[in-house]
Amino acid sequence: MTPPTPFNPRRLALGAAKKLIFENEDPEIALERIAGLTSLDNRGSQGPGSHDMSRTRTMILNNLDEMYREAFERAKATGDQAQMATLDFAYRREQLYFEILLDVRDALERR
């Protein structure tokens, strides 16, 4: 019997960020699309002027909050003070990362 894999909040948050940004799309293609680097022939509705980034800042940050709140409640239920402290720090760090990414997204949309 293998021991359970320890909870890794950074891996969980980065996985959520990748899912939010790339949505099962090749990362290089997604970054080209976001930056508007695709050719004019195949831009179509995927160009930088389109509104394909429809998730609001509030929705994204609420999803992050919900994800960490659930993990924090599990740690609290087991009385794991170290995990609670780790989750608290990780939540604040990942929230800052998301805010930076959202600022970049907003700047790209204004281009």
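Bear in mind the structure is a predicted one, so any value in this text is a computation, not a measurement.

## Concerning the nonpolar core
Line of reasoning, step 1. Residues Leu64, Met67, Tyr68, Leu87 and Phe98 are the most contacted members of the largest nonpolar core, which totals 15 residues.
Line of reasoning, step 2. Broken down by secondary-structure element, the contributors of at least two residues to this core are α1 (9–22), α3 (57–78) and α4 (81–110).
Line of reasoning, step 3. Top element by residues in this core is α3. It accounts for seven residues.

## Looking at the side chain of Arg105
Line of reasoning, step 1. Structurally, Arg105 is set in helix α4.
Line of reasoning, step 2. Looking at Arg105, its side chain comes within polar contact range of the main-chain oxygen of Arg55, at 2.8 Å.

## Describing the confidence of the model for the protein chain
Line of reasoning, step 1. Chain-level pLDDT for the protein chain is 77 on average; 68% of the residues reach the 70-or-more range.
Line of reasoning, step 2. The spread of mean pLDDT over the elements of the protein chain runs between helix α2 (residues 27–35), the lowest at 70, and α3, the highest at 91.
Line of reasoning, step 3. Counted against residues more than four places away or in other chains, residues 39–49, with its pLDDT under 50, gives seven contacts.

## Some words on α3
Line of reasoning, step 1. Compared with an ideal rise of 1.5 Å per residue, which puts 22 residues at 32 Å, α3 spans 32 Å between its outermost C-alpha atoms and is within 8% of the ideal.
Line of reasoning, step 2. All buried positions along α3 are accounted for by Ile60, Leu61, Leu64, Met67, Tyr68, Ala71 and Ala75. Projection of α3 onto a plane perpendicular to its axis shows the buried side chains occupying an angular sector of 125 degrees, all on one side. Exposed and facing more than 90 degrees away from the buried side of α3 are Thr58 and Ala77.

## Topic: the packing of aromatic side chains
Line of reasoning, step 1. Under the criterion given, the structure shown has one aromatic pair.
Line of reasoning, step 2. With a centroid separation of 5.5 Å and an interplanar angle of 70 degrees, the aromatic rings of Tyr68 and Tyr91 are classed as edge-to-face. Here the residue Tyr68 occupies a position in helix α3, and Tyr91 occupies one in helix α4, the gap between them amounting to 23 residues.
Line of reasoning, step 3. For Tyr91, a relative accessible area of 18% translates into the label buried.

## Some details on the environment of Leu101
Line of reasoning, step 1. Relative to the helices and strands, Leu101 resides in helix α4.
Line of reasoning, step 2. Look at Leu101 and you get partly exposed, because its relative accessible area is 40%.
Line of reasoning, step 3. C-alpha of Leu101 to C-alpha of Ala17: the two residues are 84 residues apart in sequence and 9.2 Å apart in space.

## Examining the pattern of salt bridges
Line of reasoning, step 1. As enumerated under the stated definition, the model contains six salt bridges in all.
Line of reasoning, step 2. The partner of Asp65 in a salt bridge is Arg69, with the nearest N and O atoms 2.8 Å apart. Placement of both Asp65 and Arg69 in helix α3 is noted, with a separation of four residues, approximately one turn of the helix.
Line of reasoning, step 3. For Asp65, a relative accessible area of 22% corresponds to the partly exposed category.
Line of reasoning, step 4. A salt bridge links Asp106 to Arg105; its shortest N-O distance comes to 3.8 Å.
Line of reasoning, step 5. In this structure, a network of salt bridges that share partners links the residues Arg57, Asp103, Arg105 and Asp106.

Conventions adopted
- Residues numbered from 1 in each chain as written.
- Predicted model: local features only at pLDDT ≥ 70, side-chain atom pairs only at ≥ 80, totals over all residues.
- Heavy atoms only, no water.
- Core = buried A, V, L, I, M, F, W, Y, C linked by side-chain atoms within 4.5 Å.
- Buried < 20%, exposed > 50% of the residue type's maximum accessible area, 1.4 Å probe, protein only.
- Helix = DSSP H or I, 4+ residues; strand = E, 2+ residues; numbered from the N terminus.
- Polar contact = N/O pair within 3.5 Å; in protein donor to acceptor, adjacent residues only side chain to side chain.
- pLDDT = per-residue confidence, 0-100.
- Contact = heavy atoms within 4.5 Å.
- Expected span 1.5 Å × (residues − 1).
- Arc of directions from axis to C-beta.
- Phe/Tyr/Trp six-rings, centres within 6.5 Å; stacked < 30°, edge-to-face > 60°.
- Salt bridge = Lys/Arg side-chain N within 4 Å of Asp/Glu carboxyl O.

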